[in-house]
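Structure assessment
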Amino acid sequence: MSAQSSSEISSAAQPKRVFVVGATGYIGKFVVRELVARGYDVVSFSRERSGVGASTTADETRRELDGSEVRFGDVSNPDSLVKQGICGEHFDVVVSCLTSRTGGVKDAWNIDYQATRNVLDAALLAGASQFVLLSAICVQKPLLEFQRAKLKFEEELQRSGLIYSIVRPTAFFKSIAGQVEAVRNGKPYVMFGNGELTACKPISEADLARFMADCLEDASKQNRILPIGGPGKAISAREQGEMLFELLGREPKFKNMPIRMFDVIIPVLSFLSKIFPKLEDKAEFARIGKYYCSESMLVLNPHTGKYDAGMTPSYGSDTLRDFYTRALKEGLSGQELGDHAMF
């Protein structure tokens, strides 16, 4: 179904009221803008200081989320969500773009599960009939705490009685942009193994926002788990590097790292974390690193147990080549990894 235009929605007697949490995140900002453009009555809920390092002020947040009503509070606090967020009002749809900032053990359970559960409870209080959740494609093979936390909430959402859309995107452009500056500055492209261990169908923030907004009206996207990738074929780490060098007009130069290094680091950190609890997250970050260096961000075929590019739906028009071209020309403003940076 094609996306409804803002004029189509505006012509209705009353536009749907939509409450968005995680509104200042990498995807959340684009979701808010897309919903506003389509004519929905949007309320965005955010911390007063947001962004990487809490560097974004309340006034800057209002400008970033222009067209929506911005309310400030704390998703980790149920009272704040009710009193400062929904304010005893009715909302038709709640959209959650929440995700833990680091993927650390406590952070994952506090945000990916508990804070998102708080939002579901607030949605029920607000009389919402629909909930759109930004999840992740990697929860198919849950080996990490944030994946387990996301799955626990997904299960509770499906039992809530609300119309749900659980959106599981493949890699974002941001997540595979970390080496753009280094390669442009003459350094080799770093990859694990031969660079063919993993592949993904990267999707832009704007295309993902459009897909999530489609869920509000497209019945075929409701009461479903929705894996989604960007346009084109799946691309491996080696192919990502080759594309960068091609756009720079240079011969490819790679540095191969052994995936086995994690098999030394992880047991050591896991053992030490039992003695020094502050190392618990360090061990988890090492597990996260190994996961993303060895597991593809594609649909896992339940019959073969292998990742399947053909089973991974494609959506949108923004390609990785277009993104790399812009990044090499204009820089990576807005694509900072912040607390998610590990390497």
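In this text, all values refer to a predicted model and were calculated from it rather than measured experimentally.

Our focus in this paragraph is the packing of aromatic side chains. Geometry of an aromatic ring pair is reported as the spacing of the ring centres plus the angle between the planes. Counted according to the given criterion, the structure contains 12 aromatic pairs. Seen from their ring centres, Tyr189 and Phe254 are 6.1 Å apart, and the 85° between their planes marks the pair as edge-to-face. Here Tyr189, found in strand β7 (residues 189–192), pairs with Phe254, found in strand β11 (residues 254–257); they are 65 residues apart in sequence, far enough to count as distant. Summarising the aromatic geometry, the rings of Tyr291 and Tyr292 are spaced 5.9 Å apart at their centres and angled 75° between planes, so their arrangement reads as edge-to-face. What makes Tyr292 partly exposed here is its relative accessible area of 36%. An aromatic cluster of at least three residues, connected via ring pairs, comprises Phe19, Phe45 and Phe91. Here the guanidinium or amino end of Arg33 rests over the ring plane of Phe30, the centre of that ring lying 5.2 Å away. Stacked on the ring of Tyr26, the Lys or Arg Lys174 has its end atom at 4.3 Å from the ring centre.

So, about the confidence of the model for the protein chain. Put simply, the protein chain has an average pLDDT of 91, and 92% of its residues get 70 or more. Note on residues 337–343: pLDDT is under 50 here. Beyond four places in sequence and across chains, it has 13 contacts.

Taken in spatial order, the seven strands line up as β3-β2-β1-β4-β5-β6-β9 in an open sheet, and their pairing is parallel. Edge positions in the open sheet fall to β3 (69–72) and β9 (224–228), since each of these has one partner strand only. Averaged over all pairs of adjacent strands, the angle between their axes in this sheet comes to 20°, without regard to strand direction. By the bridge criterion, five bridges tie strand β1 (residues 17–21) to strand β2 (residues 41–46) in an arrangement that is parallel. Across the sheet, Val21 pairs through a bridge with Phe45, a residue of β2. Across the sheet, helix α6 (residues 145–158) lies against β5 (130–134), β6 (163–169) and β9, angled at about 155° from β6, the strand it touches most.

Quick look at the pairing of β5 now. Counting buried positions over the five residues of β5 gives five, a clear majority of the element. A two-sided burial pattern is seen for β5, the buried positions comprising Gln130, Val132 and Leu134 on one face and Phe131 and Leu133 on the other. For strand β4 (residues 93–96) and β5, the ladder comprises four bridges, and the chain directions are parallel. Residue pairing for β5: Val94 is matched across the bridge by Phe131. Crossover β4 to β5 through helix α5 (residues 105–125) is right-handed. As defined by bridge partners, β5 adjoins β6 across five bridges and the pair is classed as parallel. Looking at the pairing, Leu133 lines up with Ile166 of β6.

Reading guide: rules and limits
- Residues numbered from 1 in each chain as written.
- Predicted model: local features only at pLDDT ≥ 70, side-chain atom pairs only at ≥ 80, totals over all residues.
- Heavy atoms only, no water.
- Phe/Tyr/Trp six-rings, centres within 6.5 Å; stacked < 30°, edge-to-face > 60°.
- Helix = DSSP H or I, 4+ residues; strand = E, 2+ residues; numbered from the N terminus.
- Buried < 20%, exposed > 50% of the residue type's maximum accessible area, 1.4 Å probe, protein only.
- Lys NZ or Arg CZ within 6 Å of the ring centre and 35° of its normal.
- pLDDT = per-residue confidence, 0-100.
- Contact = heavy atoms within 4.5 Å.
- Pairing = 2+ DSSP bridges.
- Axes fitted to C-alpha atoms, helices over the stretch in contact; angles between N-to-C directions.
- Right-handed = clockwise from strand over helix to strand, strands pointing away.

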